[in-house]
Amino acid sequence: MQALHEKNPYDGFNPEGFKRDLQGWNSERPLFHELIERVKPTLVIEAGVWKGASAIHMGRYLRSTRPEARLLAIDTWLGSWDF
């Protein structure tokens, strides 16, 4: 975060009133755990996050098994006409 921003852009953000909407396709597949165990990454990059379900799943697994690892989630929202 410090490499990208002088201050945390979420400081002062209040999530109250926002409905949690985590969706994904096969977001909790065992394959994520298997790959993390095999590769033992220090950095995982997910490009094309959509609503974050798989990133959150991987992040929770990384936190419990490889707490030194980091997860970078990237999405441009260019795949949807809504944005």
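The rules behind these values
Position numbers for residues count from 1 along each chain, tracking the sequence in the order it is written. pLDDT decides what is reported in this predicted model: residues at 70 or higher carry local features, side-chain atom pairs at 80 or more are listed and counted, and totals for whole chains, interfaces and linings draw on all residues regardless. Excluding hydrogens and water, the side-chain figures rest on all heavy atoms present in the structure. Helix and strand assignments follow DSSP, with helices taken as H or I runs no shorter than four residues and strands as E runs no shorter than two, numbered in order from the N terminus. For the exposure calls, accessible area comes from a 1.4 Å probe over protein chains only, and a residue counts as buried if that area is under 20% of its type's maximum, exposed if over 50%, partly exposed in between. Contacts are residue-level and defined by heavy atoms, with any inter-residue pair within 4.5 Å sufficient. To be clear on the numbers: accessible area is Shrake-Rupley with a 1.4 Å probe, and residue cover counts the displayed protein chains and nothing else. Counted as positive: Lys and Arg. Counted as negative: Asp and Glu, with His and the chain ends omitted from the count. The location of each charge is read from NZ of Lys, CZ of Arg, CG of Asp or CD of Glu. By salt bridge we mean one thing: a side-chain nitrogen of Lys or Arg within 4 Å of a carboxyl oxygen of Asp or Glu. Think of a polar contact as two N or O atoms within 3.5 Å of one another; within protein, one of them needs to be a possible hydrogen donor and the other a possible acceptor, and neighboring residues in sequence only count if both atoms come from side chains. Given a helix with a known number of residues, its expected span is that number minus one, times 1.5 Å.

(A) Spotlight on the overall build of the chain. Looking only at helices and strands, the chain has 2 helices and 2 strands in total. Counted from the first residue to the last, the chain has its helices and strands arranged as α-β-α-β. In terms of overall dimensions, the chain has C-alpha extents of about 35 × 30 × 25 Å along its principal axes. Looking at the chain as a whole, 19% of its 83 residues qualify as buried. Put simply, 74% of the contacts in the chain that link residues at least 6 apart link residues at least 24 apart. Surface accessibility of the chain: about 7,300 Å² in total, with carbon and sulfur atoms responsible for 55%. Of the side chains in the chain, 11 bear a positive and 11 a negative charge, and the two mean positions are spaced by 5 Å.

(B) Layout of the side chain of R66. Considering the arrangement of structural elements, one finds R66 in the loop between helix 2 (53-65) and strand 2 (70-74). By relative accessible area, R66 is classed as buried at 15%. Once residues lying within four places of it in the same chain are set aside, the contact partners of R66 are I36, K40, P41, T42 and Y61.

(C) Structural view of the pattern of salt bridges. Per the stated rule, a full pass over the model turns up 2 salt bridges. Between D21 and K51 there is a salt bridge, and its shortest N-O distance comes to 2.5 Å. Taken together, the positions of D21 in the segment before helix 1 (30-39) and K51 in the loop between strand 1 (43-47) and helix 2 put the pair 30 residues apart, joining distant regions of the chain. When its relative accessible area of 35% is taken as the criterion, D21 is described as partly exposed. The partner of E68 in a salt bridge is R66, and the shortest N-O contact between them spans 3.2 Å.

(D) View of the environment of R66. For the pair R66 and E37, spaced 29 residues apart in the sequence, the C-alpha separation amounts to 9.3 Å. Within polar-contact distance, the side chain of R66 engages the backbone oxygen of K40 at 3.0 Å.

(E) Main features of helix 2. Taking 1.5 Å per residue as the helical rise, helix 2 with its 13 residues ought to reach 18 Å, and the 18 Å between its terminal C-alpha atoms agrees with that figure. Of the residues making up helix 2, those classed as buried are A53, S54, A55, H57, M58, Y61 and L62. Close packing links the buried residues of helix 2 with helix 1, strand 1 and strand 2.

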